[in-house]
Amino acid sequence: MMTIEKIWITETEIWIRTSDGQQACEKISNYPRLKVATQEQLNNFTSDKWGIHWDELEEDLSFEGFFKEKKTSELYDIFMSHPEINVSAVARRLDMSQSLLAQYICGSKRPSQERLELIKSEIRIIGQELLKI
């Protein structure tokens, strides 16, 4: 497990440095909730041995993800195309950990085909509920 020595946020990126001197960043623009946050909100984070957490923004980034090759997935494309869909709310509706759903979205974990269909089905149900309004 890596040990994070420093976390800092610029106007466009979130940076981390490990105890062995490796540095990595994530672009704020890749995260819809972070993209619309104020600098004050971005600076209002907590961290633990797994990642960075913005409770107010309902966003979490795992440290592992900073160093993984960035691949898009079907879920990534859905959630990035529709930032109005709240990942935490979808996870709660599925009785799934928000962290696990985030890992599916960012590609650090792959859902089974059955679970992928379950997630997409729940998003469709949300869409149908919105159409009724």
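Draft legend 1. Fine view of the packing of helix α4 (residues 74–81) against helix α6 (residues 98–106). Their axes nearest at 6 Å, the elements α4 and α6 cross at an angle of 100°. By the angle between their directions, the pair α4 and α6 is classed as roughly perpendicular. Across the interface between the two elements, Leu75, Tyr76 and Phe79 of α4 pack against Leu101, Tyr104 and Ile105 of α6.

Draft legend 2. The arrangement of the sheet that holds strand β6 (residues 59–62) in detail. If you trace the three strands from one edge of the open sheet to the other, you get β4-β5-β6, paired in antiparallel fashion. Unpaired on one side and paired on the other, β4 (46–47) and β6 mark the two borders of the sheet.

Draft legend 3. View of the nonpolar core. The biggest cluster of nonpolar side chains holds 16 residues, and the ones touching the most others in it are Leu75, Phe79, Val90, Met96, Leu101, Tyr104 and Ile119. For this core, the elements supplying multiple residues, two or more each, are α4, α5 (87–93), α6 and α7 (113–131).

Draft legend 4. Fine view of the pattern of salt bridges. Here the structure, examined in full by the defined rule, presents seven salt bridges. Several salt bridges converge on common partners, so that one network encompasses Glu74, Glu117 and Lys120.

What counts and what doesn't
Residues numbered from 1 in each chain as written. Predicted model: local features only at pLDDT ≥ 70, side-chain atom pairs only at ≥ 80, totals over all residues. Heavy atoms only, no water. Axes fitted to C-alpha atoms, helices over the stretch in contact; angles between N-to-C directions. Helix = DSSP H or I, 4+ residues; strand = E, 2+ residues; numbered from the N terminus. Parallel < 35°, antiparallel > 145°, perpendicular 65-115°, else oblique. Contact = heavy atoms within 4.5 Å. Pairing = 2+ DSSP bridges. Core = buried A, V, L, I, M, F, W, Y, C linked by side-chain atoms within 4.5 Å. Buried < 20%, exposed > 50% of the residue type's maximum accessible area, 1.4 Å probe, protein only. Salt bridge = Lys/Arg side-chain N within 4 Å of Asp/Glu carboxyl O.

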